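Listed below are the residues making up each chain.
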Amino acid sequence: MSVKESYAGKINRKLNKKLHVIDVAAGRAPADLVLKNATYVNVFSNELCHGDIAVAEGLIVGMGEYHGKVEVDVSGKLVLPGFIDAHIHLESSLVSPTEFAKAVLPHGTTTVITDPHEIANVMGTDGIEYMLQATEDLPVDVRFMLPSCVPATPLDESGANLDYRAIDSFYDHPRVQGLAEMMNYVGVVNGDGQVVEKIVASQAHHKKIDGHAPGLSGKDLNAYIAAGVYSDHECSDMEDAMNKLRLGQYIMIREGTAARNLEALMPLLTSQYVDRCMFCTDDKHPNDLLEKGHIDYIVKKAISLGADPIVAVKAACHNAARYFLLNNRGAIAPGYLGDFVIIDDFQHFEIEMVYKRGVLMYDGQLRDFPAPEIDPYLVKRAHDTFHVAHLTAEDFSDGRPHAVIGMIPGEIVTQDAGYADHADPEQDILKIAVIERHKNTHHIGLGYIKGYGLKRGAVATSISHDSHNIIVVGATDEDMAAAANRIVENRGGITVMENGQVLGEVTLSIAGIMSDDSLVMVNSALEDAKDEAFGLGVSRGIDPFMTLSFMALPVIPSLRITTRGVFDVSSQRYI
């Protein structure tokens, strides 16, 4: 078949579908699906409307009175548009994209916007390609923002260094919406050429650029927005949010696992401001997904805190769709996707059914769907990301004084807690190390940490933002070496050790940050490992692994640890 004939055939198929849509909308043909006697949220008129909702070819084609091949009576229930997560790192769920989709579909999420910068820091552009393939044709539409900061800072030793040329070709992919959170706002404001060229390249492709600039204000904020950054998800108080909203930025109200900002930003959920707001989770860990939910949890919480239900629903779907120019979703109206969430009422907000493109995917039980096929090369590459020589206690032995990272209860920021030259668990002084694991450099940064609480053994994880080297805390050098070696042996994960024995662990063999197992299995192993960590003395007020994972991110004040040692973020020097 020639290219011309193939194109003509494609046009003909689309024409036939369009004619069918028109016939059904006009009442000349039965719909594929009709939700009878529906009460639905109209995001345009901000009211509840009533009538049948007809679907053909996966699209909503009309409201009124319709008949269909399949008719479902939804009397007494509420029909909402499918929910959209405006910013998430799928890797934070610790499971494959297929398992993530299985987790969020029952909660009404039908579209997510992901930034794959976690896996890109490990695998570079292969990581982006892996995630694109792993999300193809899932019943949750996964759209992408390309990572802007790999690595997050030149101080990190990650598996890749992506400039604008490395990611430029991905803008042509139909599911790529733009450039993800521009964390290096300092580089933008100071006019760093390599940083700004990423923004220019995204704009050249007519794409969005998301922001990440906590507390930025004044002329620096003007410069950041003038450069072309359209949104922010880091607002933790109304002053910061209003500074940005008044200057034209969209505000992503974040309520995830590590950061929860909904209560502080509730005043935005009014008719005056909501059109510039949307919901996101940023990160969602297994227990949160299983116990609380996803975007539905945010909507339910917002309503309980006093938000008008229709305002909350708009923030959960319509506004993100408009921002990302996803013009066929986020509403119940002719021409929009047949993505529906059917609940009992706004007060209880129990999800009873979820439809994706007019196909029932959940009605108390999730329908099966296949996992996408991934290029065997990428599968092998994702499961072979550790290049680390065998470690011994001597690798962690150093009698010289090193800085002590002082943890602050309930925070991921830290403080300078002086110096130490040996671990003293009774005084809550523990050794901490970061081991480079991408290129077998044998770089090991050493330091001490106070506030973690461990009394014996060691805890290690290959989730250490954003470069995902191995980070380990221990009471003895021997257990630190054993824990790190176990991580390498498992090709990634979380390990709790004592006297060389594994007490608890989670295997994360996909790039060292995601598991091949189910969400339920991963959560069970994770919770067991947490219990073992607490049993070794880790402070009950912290998450033993999530808190540890942020200790290696040298963009959060005050002290962090990298493969080169303890770094003072405020003074930008190693100490």
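About the criteria used
Residues numbered from 1 in each chain as written. Predicted model: local features only at pLDDT ≥ 70, side-chain atom pairs only at ≥ 80, totals over all residues. Heavy atoms only, no water. UniProt positions renumbered as here; feature names shortened; annotations may be inferred. Axes fitted to C-alpha atoms, helices over the stretch in contact; angles between N-to-C directions. Helix = DSSP H or I, 4+ residues; strand = E, 2+ residues; numbered from the N terminus. Parallel < 35°, antiparallel > 145°, perpendicular 65-115°, else oblique. Left-handed = near helix turned anticlockwise from the far one by under 90°. Contact = heavy atoms within 4.5 Å. Phe/Tyr/Trp six-rings, centres within 6.5 Å; stacked < 30°, edge-to-face > 60°. Buried < 20%, exposed > 50% of the residue type's maximum accessible area, 1.4 Å probe, protein only. Lys NZ or Arg CZ within 6 Å of the ring centre and 35° of its normal. Domains from an automatic or database assignment.

Looking at an unreviewed UniProt entry, the protein carries the name Adenine deaminase, with the source organism given as Vescimonas coprocola. Taken directly from UniProt, the Cofactor (unreviewed entry) text for the protein runs: "Mn(2+)".

### Looking at the packing of helix α11 (residues 295-304) against helix α12 (residues 309-316)
At a minimum axis distance of 9 Å, the contact between α11 and α12 shows a crossing angle of 155°. Between α11 and α12, the interaxial angle falls into the category roughly antiparallel. As α11 packs across α12, the resulting crossing turns out to be right-handed. Between α11 and α12, the residues in contact are Ile295, Val299, Ala302 and Ile303 and Pro309, Ala312, Val313 and Ala316, respectively.

### Concerning the packing of aromatic side chains
Inspection of every chain in the model, using the stated rule, returns seven aromatic pairs. Considering the side-chain rings of Phe83 and Phe349, the 6.4 Å spacing of their centres and the 20° angle between planes classify their relative orientation as stacked. Linking Phe83 in strand β6 (residues 83-88) with Phe349 in the loop between β14 (340-343) and β15 (351-356), this pair joins segments that are 266 residues apart in sequence. Judged by its relative accessible area of 4%, Phe349 is buried. Consider the rings of Tyr323 and Phe324, whose centres lie 4.6 Å apart with planes at 80°: the pair is edge-to-face. Chaining the aromatic ring pairs together yields one cluster made of Tyr250, Tyr323 and Phe324. Cation over ring: Lys208 sits above Tyr230, and NZ or CZ is 5.1 Å from the ring centre.

### A look at helix α4 (residues 125-134)
Taken across its 10 residues, α4 has eight buried, putting it largely inside the fold. Listing the buried residues of α4 in full gives Asp126, Gly127, Ile128, Tyr130, Met131, Leu132, Gln133 and Ala134.

### Looking at the domain arrangement of the protein
We note that the domain assignment places domain 1 (7-76), domain 2 (81-332) and domain 3 (385-574) within the protein. The distance between the C-alpha centroids of domain 1 and domain 3 comes to 54 Å.

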